[in-house]
Amino acid sequence: MNYAKPAALLAALCCLSLVISGCKKKPEGVTPLPSRTAPAIAGDNAGGPKLPPQPPIPIEGGPGTNSTPVREGELAPSDLDFSKWSRNADIFKSETIYFDFDKSNIRPDQVEKLDRLFSKMQGLPGKALRIEGNCDERGTEEYNRALGERRALAAREYLVRKGMNPAMIETISFGKNNPVDPGHNETAWAKNRRDDFVLLSPPGAGP
């Protein structure tokens, strides 16, 4: 019996098996290709619902500072002319409020004065209030005029929010041109960064 052909066939099958298993073996030292799908980055809300845009953060002293609406039955601020009203600059001397350098926000330690001022104005019907914003000598004329106006408006806004008629409040800025202390140091500057309050009385009214 001739066993040569079966033996040769068996040997060929063994060689073929070795070749196939060698092809399946992962080559050493070869870096696999990266995945086609990039991983999600933490915090980018990948795959989640699209978040709505956030509203802008209000900036102190920016647009809208003096936007308090006039309540029904009140006069608009432009309806009154205070130029002929008498002025009393002494009655509210103790209510003068002070500001930090280059700031127009109301300091917490000054709020009590504004509350006291509001109470006094409530007892003076028919009278109006003039708020005078002031700065120290540092900075340009133009810059300090604007800063003084923001300081006056900050006090006005506080009083209006408490319930004062905005039509009965006048604001003005003197910038750095109305110092109470002519010194050139921090002690003087701190006194000059302020809001003064003046009582306005219509013609024919008492002081």
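Refer to the structure presented above.
Our subject in this report is the structure included herewith. (Residues numbered from 1 in each chain as written. Predicted model: local features only at pLDDT ≥ 70, side-chain atom pairs only at ≥ 80, totals over all residues. Heavy atoms only, no water.)

## Thoughts on the packing of helix α2 (residues 111–122) against helix α3 (residues 141–162)
Formally: To obtain an axis, a line is fitted to C-alpha atoms, over the contacting stretch when the element is a helix, and the angle between two such axes runs from 0 to 180 degrees between their N-to-C directions. To qualify as a helix, a DSSP run of H or I must reach at least 4 residues; to qualify as a strand, a run of E must reach at least 2; elements of each kind are numbered from the N terminus. Any angle that falls under 35 degrees is termed roughly parallel, while one over 145 is termed roughly antiparallel, one within 65 to 115 roughly perpendicular, and all others oblique. Left-handed describes a crossing whose near helix is turned anticlockwise from the far helix by less than a right angle; the clockwise case is right-handed. The criterion used for residue contact is that any of the two residues' heavy atoms lie within 4.5 Å.
The N-to-C vectors of α2 and α3 enclose an angle of 55 degrees; their axes lie 10 Å apart at closest approach. The angle between the axes of α2 and α3 places the two elements in the oblique class. Both α2 and α3 take part in a crossing whose hand is right-handed. Here Val111, Leu114, Asp115, Leu117 and Phe118 of α2 lie close against α3, whose contacting residues are Ala155, Tyr158, Leu159 and Lys162.

## Overview of the pattern of salt bridges
Inclusion rule: In the sections that follow, a salt bridge refers to a side-chain nitrogen of Lys or Arg positioned within 4 Å of a carboxyl oxygen of Asp or Glu. For every residue, the accessible area (1.4 Å probe, protein chains only) is compared with the maximum for its type, and the residue is labelled buried under 20%, exposed over 50%, or partly exposed between those bounds.
Here the structure, examined in full by the defined rule, presents 15 salt bridges. Of the charged contacts, one joins Asp136 and Arg138 as a salt bridge, the two residues approaching to 2.9 Å between their closest N and O atoms. Owing to a relative accessible area of 3%, Asp136 belongs among the buried residues under this scheme. The closest approach of N and O atoms between Asp136 and Arg193, which form a salt bridge, is 3.3 Å. A residue pair is termed long-range when its members are at least 10 positions apart, and Asp136 in the loop between β3 (128–134) and α3 and Arg193 in the loop between α4 (186–192) and β5 (194–201) qualify at 57 residues. Exposure class is identical for Asp136 and Arg193. Each is buried. Among the ionic contacts, a cluster of salt bridges with common partners joins Asp136, Arg138, Glu186 and Arg193.

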